[in-house]
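# A structural walkthrough
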Amino acid sequence: MLFDMDGTLFDSEPLWDLAIEELAREYGAEISVEVRLAMVGRSVDESMLLFHEGIGQPWRDAAVSAAWIYDRVVGLFATELVWRPGAQELLHEVRAAGLPTALVTSTSRRAVEVALDTLGRHNFDAVICGDEVAFTKPHPDPYLRAAKLLNVEPADCLVIEDSPTGVASALAAGTRVIGVPNAVTLKPMTGLTLLPTLAGVTLAALAASPAQAR
């Protein structure tokens, strides 16, 4: 089982929102809801490009802005992370069943290491971070690497995702995908099973889903 982190296991998008909005104000600007939503699930480079264009300051240094945001988010991750409904229970059931499990996120290792204090490092056989792959989501590389590290075929993996970029990455890798929308709407598509929430969702229910049977 392969899990995305932000917006899937944790309701952490509001923490990113806070950091991004604070940096925009630091730059004497505001970030629109539309631009912020376009940033969800994207790589750091893509997100900073959208951010700087969105605040009308495309000349800003992406590395400087990203470092500022990550500094703020790391602090928030230490104390403010909240599980999404049903996510913790499903993760624990997956581990109790002995299934190979990986965390696959576009977030950098520095922030993920803080999040793992809440997630539980013992819950994952592999952790793939956005700054540790040649190409991040929506490229298939993160999920292909996860499958390789778990020594399983992508077609035998079930991915839980919340964003269009994450879903695109998982589908391109050839995995089965469960989409649980959060900040951004997910459109129905071949190979994707949509669920409104993970609350009450069990392994047995996932086994019976169309994505699992594909």
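Bear in mind that the values here come from a model prediction, so they are computed numbers and not experimental data.

If you walk through the whole model with that rule in mind, you get four aromatic pairs. For the pair W16 and F77, a centre-to-centre distance of 6.1 Å together with 90 degrees between the ring planes defines the contact as edge-to-face. A residue pair is termed long-range when its members are at least 10 positions apart, and W16 in helix α1 (residues 13-26) and F77 in helix α4 (residues 62-80) qualify at 61 residues. Under the relative-accessibility criterion, W16 is labelled buried at 10%. Among the residues examined, F77 registers a relative accessible area of 1% and is labelled buried. What links up through ring pairs into an aromatic cluster is the set W16, Y70 and F77. Over the aromatic face of Y27 sits the side chain of R60, whose NZ or CZ is 3.6 Å from the ring centroid.

A few words now on the pattern of salt bridges. All told, the structure shown has 11 salt bridges when counted by the stated rule. The closest approach of N and O atoms between K137 and D4, which form a salt bridge, is 2.9 Å. One end of the pair, K137, is in the loop between β3 (126-128) and α7 (141-150); the other, D4, is in the loop between β1 (2-3) and α1, with 133 residues separating them in the sequence. Both residues of the pair, K137 and D4, count as buried. Note that E22 and R72 form a salt bridge whose closest N and O atoms lie 2.6 Å from each other. Pair noted here: E22 is in helix α1 and R72 is in helix α4, with a separation of 50 residues, a long-range link. Given a relative accessible area of 30%, R72 falls into the partly exposed group.

Definitions and cut-offs
Residues numbered from 1 in each chain as written. Predicted model: local features only at pLDDT ≥ 70, side-chain atom pairs only at ≥ 80, totals over all residues. Heavy atoms only, no water. Phe/Tyr/Trp six-rings, centres within 6.5 Å; stacked < 30°, edge-to-face > 60°. Helix = DSSP H or I, 4+ residues; strand = E, 2+ residues; numbered from the N terminus. Buried < 20%, exposed > 50% of the residue type's maximum accessible area, 1.4 Å probe, protein only. Lys NZ or Arg CZ within 6 Å of the ring centre and 35° of its normal. Salt bridge = Lys/Arg side-chain N within 4 Å of Asp/Glu carboxyl O.

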